[in-house]
Each structure stands twice: as structure tokens, then as C-alpha cells.
Amino acid sequence: MKRTAIILFIFFIPVLAFSIPQEIEKALKLNRINHFDEALQLVEHALATEKIKPDITSAYTIGRILFRKGELYREMADISIRGQIDYLAQIEGRGAPLPPELGVFQGIGHFFHGEYLESAAVLSGVSEKPMEGELKELALVYLGAAYYLSDEKQRAQNLWKNIDEDTPYAYGSLGFVYSYLEINPSEGESHIRTALKKTGRFDGNYNSLKIYHAYALLKAGSFSEAYTEAAGIELDDPLFVYGAGTTEMRFYDPAVLMCYSRILFGESIKNLEPIVSASSGELASFAAYYVAQMYLYLGDYEECLQFTARAQKLSVSSSLTMIRAVACEACTHILLGKEKKGYRIIQKEISRIRGKPSTLLEMIRVITTSGVRYELVRDVLAEIESYIYEMEWKRTRRDTALLGELSFFSERYVRALYYFERARDKGNKNKIETNDPAFLLKLSYIYYTREYFSESLEILFSLGKSFSGIRPLQDAVQSVYSYKQRGSGETILE
């Protein structure tokens, strides 16, 4: 990925020689209790008013906070896509044919879940039916994207020729697809810019198009411009409302949260990457690992491998950073199609850290969050899991939560529920100050799949007070709950 030049004033005197500024200490405390926006605002204000200097400490603090916030929104995007697919499956399972408007969102959901054949099958059917607004054109955009990723590139191009600026959201979505699939990022940015000009600022789709444009800037290497453009944008605007009044169902663009998480990663990289080159020691090793992990999330595998190598070189042997960097390297090779090499690296690391179950769980977390499909690492994880379950050790809350993460990754939701409920802070069960919000999101999703709707909504309402972007999953749970209880959503499709 190309990047614009970054200028950062970094002082080479060891950080520990200085007392940490009060503003940095407060920001790090806020970060630990998951108040990411407050933490960022505190540091940014302190920099703007020159209370602190733009040095290695402030750069690391901002980068670390953005990394954690980006990971949360990455999880939020994944859970929202899963929720939308399940939501529409619930409606389809009632016997009535799924309206074509809803089929569009079903097909898009399958696309972002990596199920391209299923996406094409759904979208090819609904795209032939009359629909209101721009949904027909939007279906063609993603049908073409599904074809493109199924090696039917000419078929995709033939579909995309039918999309023009008279349908601005579909045209902007095509621009996003050009950037996302790296077909022609420059043309993609131009499409989105044109769509924004055609869309009023108070149009419900304007914010989503702004996120798309920020994402296109990110793909062009303009990390700071992307972050500035995305700042303060509302992430809870629905793309389409089906029905009216008390029977309405709201549907959201599943790409928006994914784009937003990647924009956060870009800004984090801008802050952390110079630290790796300009310093050495523990702080540089942390920064190198975070940068490697974010390049993995962004799909830039060459950069990821460069920074995993740097992280390993800078890390203390057997440290958690070293182990995470090794796992990140292994996952990158697997994603590049070099499965055997990835497996060898993982197996070597397992043999080195046997007897340390907490450390093994931390390594597993890197694997389960990397984007590697479960079936590719099933045997490796089964071996580690079997070993861990046989061991006796005093589990921390984090250990228990990581066991839940492993079960969630393999879609054993009953087991995941068992661990997640035990990892939850009993006295403050939905408070982000004492619970990782990404873990709470997963717990909410499991409650939803188990039809514990009130418990799921309780978590989502609580998270929604602190984070924009919760509404897609919240609305899905609320709608299913409503018609399950013969409430307001019951008559929508009857």
C-alpha cells in the first residue's frame, strides 16, 4: 500500500528518562476502560494547546488507542453482517418469499461474509425484479463484485456499465467496490466524489458516501485526509427502510463499519510506524507488532511480513509481543496460500511455549482475529485446545474470555456462552469500564442466536450509549424479537 510521507518529530532520548505527562496518563487510563473517544480528544486537545509535544510518547498513545478502537469497529462490522444474514434468514424461514428489496441486503451480507457464490445466486435473482429507489442498481454493483471475485471479470464489467451517476448511491458504491477490490482506486474515488455532489448533505445516505470517500483516500495512501474526513460522521443511518410506521424495518450498508475500522487503522499506522524506524526497545516492538497486525487487517500482506520481522527482532525472546508477532506472520502466510509454511511456524511456536496456557490463548486470539477461515486452522486449534483443556491452572477473566473467543470462532455458541458469561464482570455486567466491548458484542450476538432477545438488547442498548454503529445489530435483534413476540414487526411480510 502506498503511503504519503509522514513527518513526526521523535526524540531519541529514552522515554523512561522523562515523567509521563499528566494528559498522557489520563488518556491511557481512559483507554484501559474503553473510553476511546474521550482519550483521543484529551491527547489531541493537549497537542493543539501545546500542553504536550508531538513526540514518541504522544504518537504511541494515539496509535495504541486508535488500534483498539479500530479492532472494536472491525468486530462490530463482522457481528453486524452476521446479524443481518441471520435476521433475513429468520424472515425467509417463515414461509413467505423474501421481498426483492430485502434480498438485496441478503446478497450483500453474503458478499461481505465471503460467500460469493451465495451472494451471486441471491442477487442475480432479485436484480431482475422491479424495486424502489436505487436498490436494483445496488444489486448489480454487488452482483458484479461477486462475479469479479469468482473469476468472471468480464461479466462483472458488463454489469457495471449499467451504473451511472443518476443513481448516486449505487454509483458511489461502485466507486467503493473499485477501491475495495483494488480494480481502479483512482476512478473509484472519482465516482464517490461525483455521488457526493449529487447527494444533499441532509440526505440519509450522505454520511455513508462520506465514509466511502474517506476509505478511497485511505486506499490512495492519504491516511490523515481519510481520518479527518471520517471524523464525527454518524454511523447509525439506515440505507433503506422497508414498510412504514410501527411496522418499518431498517437496513444498513454493511460496508460502512468495515470502512470506518480500516480508516482508524490507517491513522494508527501513521502514528506508530515512524516509532519503529526511529527508536528501539520495548515501545518500538509494541509499535511494530500493532502495525503488522493492522496491515494484516488491511490486506497488505507484504508490509505485514516486514513489520512482523521487525517486531520479532525488537522483542524480548518469549515475550507476548514476540509470540503475537510470530502468530501474525504465520496467519499472513496462510492467507497468502502458503498454508504449510504457516502451519510449521505455528507448530514450532506451540512446542516452544507448551506449559503456558495463558500464552497459548493469546497466540490463538491472533489466529482467530486474523481473517483466516476456521477450516484452514481447525486441526491446529483442536490440538492446542485439547492441550489447554487438560491443563490445570488458575484462569483469569481474560483467559476465560479467550476460551470463549476460541469457541465463538468455531461457532460452538453454547460453549462460547458458557465462557463469556463467566468472564463477564458480575457486578457491572454491561459496563464498558470493566468489560471489553468487543467481547460484549459477541455475547450479545450469541444471546440473539439463542433467542435470548432481552439479554441481547440489554447489552446493545448499553453499548449504544458509548459507540456509534450499534444500531444495525440492535435493529435486527429488535425486529426479530418483535415478530417472535407478535409485536410490531409481525405483520410486515404477511
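Residues numbered from 1 in each chain as written. Predicted model: local features only at pLDDT ≥ 70, side-chain atom pairs only at ≥ 80, totals over all residues. Heavy atoms only, no water.

Remarks on the packing of helix α3 (residues 56-92) against helix α4 (residues 100-112)
When two helices pack together, their arrangement is given by the angle between their axes and by how far apart the axes lie. Running from N to C, α3 and α4 point in directions that differ by 140 degrees, and their axes come no closer than 9 Å. Looking at the two axes, α3 sits oblique to α4. Like other packed secondary-structure pairs, α3 and α4 cross with a definite hand, here left-handed. Along the contact surface, α3 presents Ile81, Gln84, Ile85, Leu88, Ile91 and Glu92, while α4 presents Leu102, Phe105, Gln106, Gly109, His110 and Phe112. Here the residues of the contact of α3 with α4 are counted per class, giving 7 nonpolar, 4 polar and 1 charged. (Axes fitted to C-alpha atoms, helices over the stretch in contact; angles between N-to-C directions. Helix = DSSP H or I, 4+ residues; strand = E, 2+ residues; numbered from the N terminus. Parallel < 35°, antiparallel > 145°, perpendicular 65-115°, else oblique. Left-handed = near helix turned anticlockwise from the far one by under 90°. Contact = heavy atoms within 4.5 Å. Nonpolar A, V, L, I, M, F, W, Y, C, P; charged D, E, K, R; others polar.)

Description of the pattern of salt bridges
Considering all chains together, one arrives at 24 salt bridges under this definition. Note that Lys69 and Asp37 form a salt bridge whose closest N and O atoms lie 2.5 Å from each other. Placement of the pair is Lys69 in helix α3 and Asp37 in helix α2 (residues 36-48), with a sequence separation of 32 residues. Taking the shortest distance from any N to any O, the salt bridge between Lys198 and Glu165 comes out at 3.7 Å. Taken together, the residues span a long stretch of sequence, with Lys198 in helix α9 (residues 185-198) and Glu165 in the loop between α7 (153-160) and α8 (168-180) at a distance of 33 residues. According to the relative accessible area criterion, Lys198 is partly exposed, its value standing at 44%. Among the ionic contacts, a cluster of salt bridges with common partners joins Glu248, Arg250, Arg471 and Asp475. (Salt bridge = Lys/Arg side-chain N within 4 Å of Asp/Glu carboxyl O. Buried < 20%, exposed > 50% of the residue type's maximum accessible area, 1.4 Å probe, protein only.)

What about the packing of helix α17 (residues 357-368) against helix α18 (residues 374-390)?
Between α17 and α18, whose axes approach to 11 Å, the crossing angle comes to 160 degrees. In terms of their interaxial angle, α17 and α18 are classed as roughly antiparallel. Crossing angle aside, the handedness with which α17 passes α18 is left-handed. In contact with Pro357, Leu360, Leu361, Met363, Ile364, Ile367 and Thr368 of α17, α18 contributes Val377, Leu381, Ile384, Tyr387 and Ile388.

Quick notes on the packing of aromatic side chains
Tallied over the entire structure, the rule returns 34 aromatic pairs. The interplanar angle of 55 degrees and the centroid separation of 6.0 Å between the aromatic rings of Tyr447 and Tyr452 together place this pair among those described as tilted. Relative accessible area serves as the criterion here: at 5%, Tyr447 is assigned to the buried category. The aromatic ring of Tyr148 is capped on one face by Lys153, whose charged end is 4.8 Å from the ring centroid. The side chain of Lys442 reaches across the aromatic face of Phe408, ending 5.7 Å from its centre. (Phe/Tyr/Trp six-rings, centres within 6.5 Å; stacked < 30°, edge-to-face > 60°. Lys NZ or Arg CZ within 6 Å of the ring centre and 35° of its normal.)

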